[in-house]
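# Architecture at a glance
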Amino acid sequence: MNLMEDSKDFRKWGYRFVDYLADYFDNIEEYPVKSSVEPGSIKAAFPKQAPNHPQSMEESLEMITSKIIPGLTHWQHPRFHAYFPANTSYASILGELLIAGFGVQAMIWETSPAAAELEEVVMEWLKNLLDLPAEWSGVIQDTASTANLVALLTAREKKTNYSINEKGFKAANYRIYCSEHAHSSIDKAVKIAGFGSSNLIKIAVNGSLEMLPEELEKQINKDIDEGLIPFLVVAALGTTSSVAIDPIEEIASITAKYDLWLHVDAAYAGNAMILPEFRKEIGSLSGVDSFVFNPHKWMFTNFDLSAYFVKDKKALINTFSILPEYLRTDSYGKVNDYRDWGIQLGRRFRALKLWLVFQSFGVDRMRELIREHIHLGEWFENQVKENTDFELVLPRVLNVIVFRHILTEDPDQFNARLLKELNDSGKMYLSHSVINGKYVLRMVTGNTRVKKHHIQSSWDQIVETAKRLMLTSDK
């Protein structure tokens, strides 16, 4: 029997599992970065029915090693260069352990005062660290996708004096604007919120893939002339494909002129705003109504934890507050009941792991690591520039480099083949995008454990693999 119903067994296996994870991190570079299992093979390795009786923890741990680990893509591997990182750290993992162990339901202040008030503390820390407007209020959401939806719903209700919450839509003629390269979560939020995809207008971009403010204003005026209702603009502070940063101050002057809500999606690049030199490049955010970034991407806090800030806290709460009798408390209205600040009623104690990361790293070390990642990106960018077999498709932003091989008659096909060869090798993992009709490769140098020699090895492999494929193509 292995019910693990007493603290003695929990202590024993807790030590074993921490040791297991410590060994995993110590040996992570021995694993193939990207899993190569066939679809359905992991499912087929498990019984069709759940066990009727307790199973040995020893056997379960062995099954994790033999059946689950082979099906993992190792996001914490220092040669994981795909997408954006989902960084974790030892402090964050221990914080997650405490969150699971305490098992609190942090829906309102009274169900765990420490959860509510520590959330307020860390959100104030983040606001100060990123030099955000003093009047903003912050709340932890699970992901930026949820935060983007929350922003759309809040803007919708404020614009209509909360009538849609009460009476529903009478006409789907509310217009939302974003750049052609905004994240797909905006498209999804527009659909979920009931606006209809046809009312999401994608605004043209310049050569650096930044939204063109003059095209935005032109489209707003066109919609007004046609009797439609412009009400929200989403500006990207770092798009997914290229980390393009829309001109937020110029866009803010337009949204102020037409009384539109301005939401900024800074999911990845917002983390770099802890660097004073990068924060200065962004300019004023005083004209912004809501803002989100993900510490679970580049602030060493494991998934999931998004930091969402809003200028009008009352509008946010009015949009989401519902007060059934069973949630009425004497403290209501005197404290932050965060279940009124978003979609979920049930809320995890996410603030604890972010607080523990701050305690463990300190702001100076966080800044040092992020600067190091940017310098590694700069080094990789220079290698691309100096190699005539490749081209830099766009100037590097932070630590994301968009590049491709250029020596074949069909570069798109060749780069797709190159990407597959690199990823199938198990030694590294890149992702791709299509920019201005070109199939491109994306290199991100942002893993918690990445060092110069990892980036050097990845670049050497890219060059050597491309040369080998070129020889194969010639034959």
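Residues numbered from 1 in each chain as written. Predicted model: local features only at pLDDT ≥ 70, side-chain atom pairs only at ≥ 80, totals over all residues. Heavy atoms only, no water.

### Re the nonpolar core
Core analysis: the biggest nonpolar cluster contains 65 residues, and Leu-237, Phe-278 and Phe-291 have the highest contact counts within it. With 10 residues, helix α14 (residues 351-386) is the largest single contributor of residues to this core. (Core = buried A, V, L, I, M, F, W, Y, C linked by side-chain atoms within 4.5 Å. Buried < 20%, exposed > 50% of the residue type's maximum accessible area, 1.4 Å probe, protein only. Helix = DSSP H or I, 4+ residues; strand = E, 2+ residues; numbered from the N terminus.)

### Description of the pairing of strand β4 (residues 229-236)
Of all 8 residues in β4, 7 are buried, a share of seventy percent or more. As paired strands, strand β2 (residues 174-179) and β4 are joined by 4 bridges and run parallel to one another. Following the sheet pairing, Ile-176 is matched in β4 by Leu-232. As defined by bridge partners, β4 adjoins strand β5 (residues 261-265) across 5 bridges and the pair is classed as parallel. Looking across to β5, one finds that Ala-236 is bridged to Asp-265. At this point the chain moves from β4, through helix α10 (residues 248-258), to the parallel β5, and the crossover so formed is right-handed. (Pairing = 2+ DSSP bridges. Right-handed = clockwise from strand over helix to strand, strands pointing away.)

### Focus on helix α5 (residues 113-129)
In this model α5 runs 24 Å from its N-terminal to its C-terminal C-alpha over 17 residues, within 8% of the 24 Å that 1.5 Å per residue would give. Those residues of α5 that fall on the buried side of the exposure criterion are Ala-115, Ala-116, Leu-118, Glu-119, Val-122, Met-123, Leu-126, Lys-127 and Leu-129. As for α5, its buried residues are in contact with β1 (137-141), β6 (290-293), α12 (295-298), β7 (306-310) and α14. Count one or two residues on from α5 and you reach Asp-131, which has phi positive near 55°. (Expected span 1.5 Å × (residues − 1). Contact = heavy atoms within 4.5 Å.)

### Regarding the packing of aromatic side chains
Summed over all chains, the structure comprises 20 aromatic pairs. Geometrically, the ring pair formed by Trp-125 and Phe-358 is edge-to-face, given 5.5 Å between the ring centres and 90° between the ring planes. Highlighted residues: Trp-125 in helix α5 and Phe-358 in helix α14, separated in sequence by 233 residues. Put simply, the rings of Tyr-24, Phe-25, Tyr-31 and Tyr-90 pair up and form one aromatic cluster. The ring of Phe-84 is capped by Arg-442, whose NZ or CZ atom sits 5.2 Å from the centre of that ring. (Phe/Tyr/Trp six-rings, centres within 6.5 Å; stacked < 30°, edge-to-face > 60°. Lys NZ or Arg CZ within 6 Å of the ring centre and 35° of its normal.)

### Digging into helix α3 (residues 57-68)
All of the buried residues in α3 are Met-57, Leu-61 and Met-63. For α3, the buried positions fall inside an angular range of 155° around the axis, keeping them on one side. Check the buried side of α3 and you find it contacts α1 (7-26). Taking the backbone nitrogen of Glu-58 as reference, a side-chain oxygen 3.1 Å away marks Ser-56 as the first, capping residue of α3. (Arc of directions from axis to C-beta. Polar contact = N/O pair within 3.5 Å; in protein donor to acceptor, adjacent residues only side chain to side chain.)

### Some details on the side chain of Asn-199
In this structure, Asn-199 sits in the loop between α8 (184-192) and β3 (200-203). You can call Asn-199 buried: its relative accessible area is 5%. From its side chain, Asn-199 meets the backbone oxygen of Phe-195 in a polar contact 2.8 Å long.

### Let's talk about the sheet that holds β6
Here we have 7 strands laid out as an open sheet, ordered β1-β7-β6-β5-β4-β2-β3, and mixed in their pairing. The open sheet terminates on both sides in strands that have one partner only, identified here as β1 and β3. Neighbour to neighbour, the strand axes of the sheet diverge by 20° on average, direction disregarded. Bridge count for β5 against β6 is 3 bridges, and the pairing is parallel. Counterpart to Val-264 in the pairing with β6 is Phe-291. (Axes fitted to C-alpha atoms, helices over the stretch in contact; angles between N-to-C directions.)

### What about the sheet that holds strand β10 (residues 431-435)?
Spatially, the 4 strands line up as an open sheet ordered β8-β9-β11-β10, and their pairing is antiparallel. Two strands close off the open sheet at either side, each with one partner strand: β8 (390-392) and β10. With strand direction ignored, the average angle separating the axes of adjacent strands in the sheet is 40°. As defined by bridge partners, β10 adjoins strand β11 (residues 438-444) across 5 bridges and the pair is classed as antiparallel. Along β11, the bridge assignment pairs Ile-435 with Lys-438. Relative to the sheet, helix α15 (residues 411-424) contacts β8, β9 (400-405), β10 and β11, its axis offset from that of β11 by approximately 35°.

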